[in-house]
Amino acid sequence: MSYALAFSATGPAERWAEAADTADALVAGEPDAIANMANVAALIWQAIPDLNWAGFYRFDGEELVLGPFQGKAACIRIPLDKGVCGAAARLRATQRVDDVHAFPGHIACDADSRSELVVPIVADDRLVGVLDLDSPLPGRFSAADQAGAEALVARIAGAFTA
């Protein structure tokens, strides 16, 4: 089965709401976390403009390990004390960075990335991983993008735990 995804929203809040509805439908009834991450990464890649990387890092109990994504090949393992992803996981708080080159300890998996949005995925009070979005545009992610990504992750976090 293939999915023909079409998005009509133009503003960030509406775009994320549309993406969240679609993500909810994509993961409904599917117990496999990796399959769900793969579909949601592809969905975000299609729905959200100006990204050069969209995907997941899974928490294995010690560090973040690369999960399904769209974009260039990426760093495979990220310690929780390194980079924007590590900070989001360690603090369990979203990191919205306008200029990744100014972020202490930034890990440059793709030298073209200029801004980043990382949302921790927490289900049943357990860190599952992070949603990582990168853009080649400085300051790409707004407060509306952050709120939308956080709402999407909160809505379907349980689909990433199987």
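These lines cover the structure that appears in this document, whether it is placed above or below. Small disclaimer: the values here were computed from a predicted structure and weren't measured.

Tallied over the full model, the rule gives one cavity of 30 Å³ or more. A volume near 180 Å³ is recorded for the largest cavity. If you go around the largest cavity, you meet 17 residues; those closest to its centre are I107, C109, E116, D132 and D134. In terms of residues, the lining of the largest cavity owes the most to one element, helix α3 (residues 83-91), which gives three residues. Class assignment of the residues belonging to the lining of the largest cavity gives a composition of nine nonpolar, three polar and five charged.

Okay, the environment of A33 next. Counting through the fold element by element, A33 comes out in helix α2 (residues 33-47). Under the relative-accessibility criterion, A33 is labelled buried at 5%.

Glancing now at the pairing of strand β5 (residues 115-123). Burial runs high along β5: eight of the nine residues are buried. Pairing geometry for strand β4 (residues 95-97) and β5, over three bridges, is antiparallel. If you follow Q95 over to β5, its bridge partner there is V118. Pairing geometry for β5 and strand β6 (residues 126-135), over nine bridges, is antiparallel.

Notably, D50 is not glycine yet its phi reads approximately 65°, a positive angle. As for its placement among the helices and strands, D50 is situated in the loop between α2 and β1 (53-59). Of the residues examined, D50 reaches a relative accessible area of 44% and is grouped as partly exposed. Residue D124 is not a glycine yet carries a positive backbone phi of 50°. Mapped onto the fold, D124 is located in the loop between β5 and β6.

Across a sheet, strands are paired by hydrogen bonds formed along the backbone, either parallel or antiparallel in direction. Here six strands make up an open sheet; going across it, the order is β3-β2-β1-β6-β5-β4 and the pairing antiparallel. If you trace the sheet from one side to the other, it starts and ends with β3 (77-79) and β4, each paired once. Each strand axis lies, on average, 25° off the axis of its neighbour in the sheet, ignoring direction. Packing against the sheet, helix α4 (residues 143-156) makes contact with β4, β5 and β6, and its axis sits at approximately 25° to β5.

With that out of the way, let us pick up helix α1 (residues 12-27). Compared with an ideal rise of 1.5 Å per residue, which puts 16 residues at 22 Å, α1 spans 22 Å between its outermost C-alpha atoms and is within 8% of the ideal. Buried residues of α1: R15, W16, E18, A19, A20, T22, A23, L26 and V27, and no others. Contact partners of the buried residues in α1: α2, β6 and α4.

So, on to the pattern of salt bridges. In total, this model carries eight salt bridges according to the counting rule given. One salt bridge in this structure joins E63 and R77, with 2.9 Å as the shortest N-O distance. Residue E63 is located in strand β2 (residues 63-71), and its partner R77 is located in strand β3; the two are separated by 14 residues in the primary sequence. Assessed through its relative accessible area of 21%, E63 is described here as partly exposed.

Our focus in this paragraph is the packing of α1 against α2. The N-to-C vectors of α1 and α2 enclose an angle of 155°; their axes lie 10 Å apart at closest approach. Overall, the two elements α1 and α2 adopt an arrangement that is roughly antiparallel. As for the relative orientation of α1 and α2, their crossing is right-handed in sense. Residue-level contacts link R15, W16, A19, T22, A23, L26 and V27 of α1 to N36, N39, V40, L43, I44 and A47 of α2. A breakdown of the residues in the contact of α1 with α2 according to their chemical character gives nine nonpolar, three polar and one charged.

Reading guide: rules and limits
Residues numbered from 1 in each chain as written. Predicted model: local features only at pLDDT ≥ 70, side-chain atom pairs only at ≥ 80, totals over all residues. Heavy atoms only, no water. 1 Å grid on protein atoms, 1.4 Å probe; cavity = no way out; pocket = protein on both sides within 12 Å on 5 of 7 lines; lining within 4 Å. Points joined across faces, edges and corners; volume = space filled by probe spheres on them. Helix = DSSP H or I, 4+ residues; strand = E, 2+ residues; numbered from the N terminus. Nonpolar A, V, L, I, M, F, W, Y, C, P; charged D, E, K, R; others polar. Buried < 20%, exposed > 50% of the residue type's maximum accessible area, 1.4 Å probe, protein only. Pairing = 2+ DSSP bridges. Axes fitted to C-alpha atoms, helices over the stretch in contact; angles between N-to-C directions. Contact = heavy atoms within 4.5 Å. Expected span 1.5 Å × (residues − 1). Salt bridge = Lys/Arg side-chain N within 4 Å of Asp/Glu carboxyl O. Parallel < 35°, antiparallel > 145°, perpendicular 65-115°, else oblique. Left-handed = near helix turned anticlockwise from the far one by under 90°.

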